[in-house]
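Structural overview for review
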Amino acid sequence: MPLKSKLKVERLGVLLVSIFYVIVGGTEAIILALSNFSLIHVAPLAALSLIAAYGLFRMKRWAVFLVAILFFPALVFGAPILYVSVMWETFYPSVDVLLFHLGLIAYLILTLIASIYVMAVRKDFK
């Protein structure tokens, strides 16, 4: 029995975007915990990402609006952090900094792709 029928998913792409938002929400929650809750702006982003993942998985119409809203904070927090980090550290001073930069680039690109995809199939949401 294929995974798609076990999960009762209508679109595989929406499932992948939902998994992306679960990973993003979990990562943001870990970042919040590792910072001793000093990066308080990450808490709502983590919560909204997990809520968006649930809404996407259940194909709820409000999830489309939440993904559209989450696109802007992702861009506003991700791009300047990447810019400042590259200007301060250069792109590849060490392997861990390189992985951080590549992770941020992947996050920004995947957020853009996920947002465009959800907007493209928004008519399928109930």
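Residues numbered from 1 in each chain as written. Predicted model: local features only at pLDDT ≥ 70, side-chain atom pairs only at ≥ 80, totals over all residues. Heavy atoms only, no water.

1. Structural notes on the nonpolar core
In this structure, Tyr 21, Leu 56, Val 118 and Phe 125 are the most contacted members of the largest nonpolar core, which totals 19 residues. Put simply, the parts of the chain that give this core at least two residues each are helix H2 (12–34), helix H3 (42–57), helix H4 (61–89) and helix H5 (95–120). (Core = buried A, V, L, I, M, F, W, Y, C linked by side-chain atoms within 4.5 Å. Buried < 20%, exposed > 50% of the residue type's maximum accessible area, 1.4 Å probe, protein only. Helix = DSSP H or I, 4+ residues; strand = E, 2+ residues; numbered from the N terminus.)

2. Some details on the environment of Ile 109
Within the secondary structure, Ile 109 is located in helix H5. With a relative accessible area of 47%, Ile 109 lands in the partly exposed category. Between the alpha carbons of Ile 109 and Leu 75 there is a distance of 9.8 Å; along the sequence they are 34 residues apart.

3. Focus: a nonpolar patch on the surface
A cluster of nonpolar residues, Leu 48, Ile 51, Tyr 54, Trp 62, Phe 65 and Ile 69, forms a patch on the protein surface that exposes about 610 Å² of accessible area. Breaking the nonpolar patch down by element, the ones donating at least two residues are H3 and H4. In this structure, Phe 65 sits in helix H4. Residue class for Phe 65 comes out exposed when judged on its relative accessible area of 53%. (Patch = residues over 30% accessible without salt bridge, like charges linked within 9 Å, V, L, I, M, F, W, Y side chains within 5 Å. Areas by Shrake-Rupley, 256 points an atom, 1.4 Å probe, with all protein chains shown as cover. Salt bridge = Lys/Arg side-chain N within 4 Å of Asp/Glu carboxyl O.)

4. Observations regarding the packing of H2 against H5
Their axes nearest at 10 Å, the elements H2 and H5 cross at an angle of 140°. For the element pair H2 / H5, the angle class is oblique. Crossing geometry of H2 relative to H5 is assigned as left-handed. Contacts between H2 and H5 involve Gly 13, Val 14, Val 17, Phe 20, Tyr 21, Val 24 and Glu 28 from the former and Tyr 107, Leu 110, Thr 111, Ala 114, Ser 115, Tyr 117 and Val 118 from the latter. Tallied by class, residues from the contact of H2 with H5 come to 10 nonpolar, 3 polar and 1 charged. (Axes fitted to C-alpha atoms, helices over the stretch in contact; angles between N-to-C directions. Parallel < 35°, antiparallel > 145°, perpendicular 65-115°, else oblique. Left-handed = near helix turned anticlockwise from the far one by under 90°. Contact = heavy atoms within 4.5 Å. Nonpolar A, V, L, I, M, F, W, Y, C, P; charged D, E, K, R; others polar.)

5. A word on the pattern of salt bridges
Going through the model one piece at a time under the given rule, you end up with 1 salt bridge. A salt bridge links Arg 11 to Asp 124, with the shortest nitrogen-to-oxygen separation between them at 2.4 Å. Of this pair, Arg 11 sits in the loop between helix H1 (3–7) and H2 while Asp 124 sits in the segment after H5, placing them 113 residues apart in sequence. Take Arg 11: its relative accessible area is 31%, and that puts it in the partly exposed class. The exposure class assigned to Asp 124 is partly exposed, which follows from its relative accessible area of 31%.

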